[in-house]
Amino acid sequence: MNYKEEIKAIVFDFDGTLIDFDYNTTEYTRRALEALKESKYKVCLSSGRPCFLAVKAFEKAFGEYPLDYVFGCNGSEFMDCKANKTEILFPLKAEEVRNIEKIIKADYLVCGIYDDDIFLVNKPCENKALKSWLKARWLTPVLFDFSRNDLERSKVLVLNDPADRQREEEYIASLNLQGYSYAYSSPYCLEFVPDGVSKAKAVEKLSEILECDAKQILSFGDNDNDMPMLLSSTGVIMGNAKESLKEMIPLHTSSVDEMVYMIF
């Protein structure tokens, strides 16, 4: 493919792709984004965060920037930045949110849901590493009885210290979670959305808007939740991704802490 001629849009994951998990970025990344301002490509984010938090985090790292579209909550939310309009494309029904929280019984896991800029959790977040992770994302946890939830939500988050990742994976695999899709979006966060929803939905939506083939969308990502997007578009995987994920994607680039977007 002649990228410069055929690509219509560039879609970036955020955490682990444009920034590392401490909000550091590189001069190469900044220069690449600057170059895109004057290009013909639509520039989009596809994040595990809700759209409004994805934009807030992006602006903290890069300042005001003319993004075209933002996809949040792993494809469940969509923001048209020019129209300043956000919608939930694939909501979890209120009873589904309650059901997921009932299923997750491990005492070291915390379930959370977004309520605008408040983060509702089913138990106290006592782990120091997890507290730091939440603070870095402007999330103040507020205790909430999930049995009282009566609203549709974009997703349910299951939070844990990365040191417990292996036993968490084994525990989640042992549960009956039919009807829901889930994937890791960071070392701290496992995210649940309606079955079949993933970042591939962002590619599908963008293809419809731009009236182009999915392979005319170039996407960058690094984590499990990025894989549906990378596989359904012309995907490029980061050097900091797990080796098992790199084996699935033929196009590779450097790590987030040495990022050089050679295509530009």
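*Asks:* Mind showing me how you'd approach the sheet that holds strand 7 (residues 118-121) here?
*Replies:* By definition, the strands of a sheet pair up through backbone hydrogen bonds, in either a parallel or an antiparallel sense. Strand order in the open sheet formed by 6 strands is 8-7-6-9-11-10, and the pairing between neighbours is mixed. The outermost strands of the open sheet, each flanked by one partner alone, are strand 8 (141-143) and strand 10 (180-186). Each adjacent strand pair in this sheet contributes to an overall mean axis angle of 35°, direction not counted. Strand direction decides the pairing type here: strand 6 (residues 110-115) and strand 9 (residues 156-159), joined by 3 bridges, are antiparallel. Of the residues in strand 9, the one forming a bridge with Cys 111 is Val 158. Contacts from helix 5 (residues 128-136) reach strand 6, strand 7, strand 8, strand 9, strand 10 and strand 11 (189-194) within the one sheet, and its direction differs from that of strand 9 by about 140°.

*Asks:* In this structure, what is going on with the packing of aromatic side chains? I would like to understand it.
*Replies:* Two descriptors summarise a pair of aromatic rings, namely the distance from one centre to the other and the angle between the planes of the rings. Summed over all chains, the structure comprises 11 aromatic pairs. Measuring from ring centre to ring centre gives 5.7 Å for Tyr 69 and Phe 78, while their planes differ by 25°; the resulting arrangement is stacked. Phe 78 carries the same exposure label as Tyr 69, and that label is buried. Taken together, the ring pairs in this structure connect Phe 14, Phe 58, Phe 62 and Tyr 65 into an aromatic cluster.

*Asks:* It is not clear to me how the sheet that holds strand 5 (residues 85-88) should be interpreted in this structure. Could you clarify?
*Replies:* In spatial order, the strands read 5-4-3-2-1-12-13-14; together these 8 strands make up an open sheet with mixed pairing. For this open sheet the edge positions go to strand 5 and strand 14 (251-252), each flanked by a neighbour on one side alone. Here strand 12 (residues 217-221) pairs with strand 13 (residues 234-237) via 4 bridges, running parallel. Looking at the pairing, Gly 221 lines up with Ile 237 of strand 13. Helix-sheet contacts for helix 7 (residues 200-210) involve strand 1 (9-12), strand 2 (42-46), strand 3 (69-72), strand 4 (77-80), strand 5 and strand 12, and the interaxial angle to strand 3 is about 155°.

*Asks:* Quick question: what am I supposed to make of the nonpolar core here?
*Replies:* A general trend in soluble globular proteins is that nonpolar side chains are found buried together. Counting residues in each nonpolar core, the largest one holds 26 residues, and the members touching the most others are Phe 12, Phe 14, Leu 45 and Phe 58. Elements with a contribution of two residues or more to this core: strand 1, helix 2 (27-37), strand 2, helix 3 (51-62) and strand 12. Excluding residues within four positions of it along the chain, Leu 45 makes contact with Val 11, Phe 12, Phe 14, Leu 18, Ala 54, Phe 58, Leu 67, Tyr 69, Val 70 and Phe 71. Membership of the second largest hydrophobic core comes to 22 residues, among which are Ile 104, Ile 113, Ile 172 and Leu 190.

About the cut-offs
Residue numbering note: each chain is counted from 1, following its sequence as written. Local features in a predicted model are, by the rule used here, given only for residues with pLDDT of at least 70; side-chain atom pairs are given and counted only at 80 or more, and totals for whole chains, interfaces and linings are based on all residues. Side-chain calculation: all heavy atoms of the structure are included, whereas hydrogens and water are not. By definition, two strands form a pair when at least two bridges between them are found by DSSP. Helix numbering and strand numbering both begin at the N terminus, where a helix is a DSSP run of H or I of at least 4 residues and a strand a DSSP run of E of at least 2. Axes here mean lines fitted to C-alpha atoms, for a helix over just the part in contact, with angles spanning 0 to 180 degrees between N-to-C directions. Note on definitions: a residue-residue contact is assigned when non-hydrogen atoms from the two residues lie within 4.5 Å. Note on aromatic contacts: the rings of Phe and Tyr and the six-membered ring of Trp form a pair at centre separations within 6.5 Å, being stacked when their planes are under 30 degrees apart, edge-to-face when over 60 apart, and tilted otherwise. Three labels apply to residues, based on accessible area from a 1.4 Å probe with only protein chains included: buried if under 20% of the type maximum, exposed if over 50%, partly exposed otherwise in between. Nonpolar cores were defined as sets of buried Ala, Val, Leu, Ile, Met, Phe, Trp, Tyr and Cys residues, with membership established by side-chain atoms within 4.5 Å.

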